[in-house]
Amino acid sequence: MIRTAFFDTKPYDVPSFERYGQFHDVEFKYLETKLTEDTAELARGYDAVCVFVNDNVNAAVIDKLYDCGVKLVALRCAGYNNVDVRHAYGKVHVVHVPSYSPYAVAEHAAALLLTSIRRIHKAYNRTREFNFSLNGLTGFDLHGKTAGIVGTGRIGRLFINICRGFGMNVIAYDRSPAPNGDIEFVGKDELFERSDVISLHCPLTDETRHMINADAIGKMKKGVVILNTSRGGLIDSEALLAGLRARKVGAACLDVYEEEADIFFEDRSGHILNDEVLSRLISLPNVIVTSHQAFLTEEALNNIAETTVQNIRSCFDRDGVCSNELCYHCGNVEACKKERKHRCF
Ligand code: NAI
């Protein structure tokens, strides 16, 4: 049995992990707490830890896990900006789930977009109170508008297809644009200037942090709709709030928020929210916030559990290849992933 401490457990995690775990001799201990410097000690005696987007696997946590005898950090998500992968090299292996349902995220982005521009969230509340007025519900057609997609990987490409289905013109910006494709790639500034809808689908890195800031918003069309289903840190939230208040940004749909770690995924309805920026954003009629929900479909949960269990299993198999390992020994996680046929260390 491979003993794995499962941090930040939610009720919807357990059935799928139990189902796949028992077939692969991976035993989970479900802990509700997040992994932090203070809770890392709970992993003592376990072979692996399984963590999610808001567990903080910084250098100090990695040192504590190493000291506790933990050999593997298994992310049950795609993004790994919350793990100091460089520091982990040589101490604990790190694996992730590169893709579990890009459809779930792309479809959620589309749901947010349609809800926002056709005011469905407002209509829903009105008709529940038998208010059948249409005043203030005027939307706009997506057909013929320009969608600017930042990041054309798995999710970005699916969202491009959805936008094309609506008859939108699509332009895209990517650090590594695919050659000879059917996508019109433009520079970042041109994308900001030309797009009616901007949707973010690139990872959070030092390069992309606050990609949407006051300067970028200044270049955008008046009334632009900004969608973020990627990572909160891509947007400078205060600059977004200022852009909304200045009526420059027409609407924002946020599935992620840069300070979400201590807020999202929990019921805080009985509490006063101490985050002024988020409170203000939520109070605006043209902002829709979902709490990092884009991944949450049955299909995605099953795929996450299946791949995570396989990742854990393969890391503990003798001479096995550690599937989906992330490491920095060559200084480039993405290139490393493509070329490696053996364990990183
Ligand atoms: P992917 O790795 O398939 O694609 C990412 C794309 O971004 C690549 O084409 C890459 O070249 C591009 N990129 C990298 N750096 C860039 C930069 N500096 N500027 C412009 N483009 C850049 O990733 P995938 O699967 O499409 O996921 C995208 C993001 O979605 C993830 O990084 C993750 O943060 C987020 N995500 C959010 C979920 C949610 O529940 N809200 C669930 C799953 C992923």
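Residues numbered from 1 in each chain as written. Predicted model: local features only at pLDDT ≥ 70, side-chain atom pairs only at ≥ 80, totals over all residues. Heavy atoms only, no water.

Asker: What is the right way to read helix α6 (residues 154–165) from this model?
Answerer: Each α-helix winds once per 3.6 residues, and so residues spaced three or four apart point in a common direction. Its 12 residues place the ends of α6 17 Å apart at the C-alpha level, agreeing with the 16 Å of an ideal helix rising 1.5 Å per residue. Within the sequence span of α6, burial applies to G156, L158, F159, I160 and C163. Where α6 is buried, its residues contact α4 (102–117), β6 (146–150), β7 (169–173), β9 (197–200) and β10 (224–228). (Helix = DSSP H or I, 4+ residues; strand = E, 2+ residues; numbered from the N terminus. Expected span 1.5 Å × (residues − 1). Buried < 20%, exposed > 50% of the residue type's maximum accessible area, 1.4 Å probe, protein only. Contact = heavy atoms within 4.5 Å.)

Asker: Help me out: how do you make sense of the site of the ligand in this one?
Answerer: Neighbouring the ligand are 22 residues, the closest being Y100, R154, I155, D174 and T229. R231 is positioned with one of its side-chain polar atoms (N or O) 3.3 Å from an oxygen atom of the ligand. At 3.2 Å from an oxygen atom of the ligand is found a main-chain nitrogen or oxygen belonging to F295. Considered on its own, the ligand offers 870 Å² of accessible surface; in the complex 88% of this is hidden by protein. (Near = heavy atom within 4 Å. Polar contact = N/O pair within 3.5 Å; in protein donor to acceptor, adjacent residues only side chain to side chain. Areas by Shrake-Rupley, 256 points an atom, 1.4 Å probe, with all protein chains shown as cover.)

Asker: Explain the nonpolar core to me, please; I cannot follow it from the model alone.
Answerer: When a protein is soluble and globular, its nonpolar side chains tend to lie buried together. By size, the foremost hydrophobic cluster in this structure holds 85 residues, and its most contacted members are V49 and L65. Of all the elements, helix α11 (residues 298–316) adds the most residues to this core, at 7 residues. Of the residues that make up this core, three or more belong to each of domain 1 (2–100 + 298–339) and domain 2 (102–289). Setting aside its immediate chain neighbours within four residues, V49 contacts T4, A5, F7, L35, A43, L65, V70, L72, V73 and A74. The next biggest cluster of nonpolar side chains, apart from the first, holds 23 residues, and it includes A109, C163, V170 and V197. (Core = buried A, V, L, I, M, F, W, Y, C linked by side-chain atoms within 4.5 Å. Domains from an automatic or database assignment.)

Asker: What is the right way to read the pairing of strand β1 (residues 2–6) from this model?
Answerer: Each regular strand carries side chains that alternate between the two faces of the sheet. Of all the 5 residues making up β1, 4 are buried; the element is thus mostly covered by neighbouring parts of the structure. Here β1 pairs with strand β2 (residues 26–30) via 5 bridges, running parallel. Among the inter-strand pairings, F6 is bridged to a residue of β2, identified as Y30. When β1 meets strand β3 (residues 48–51), the two strands line up parallel, connected through 3 bridges. Residue F6 lies in a different strand from β3, and its bridge partner there is C50. (Pairing = 2+ DSSP bridges.)

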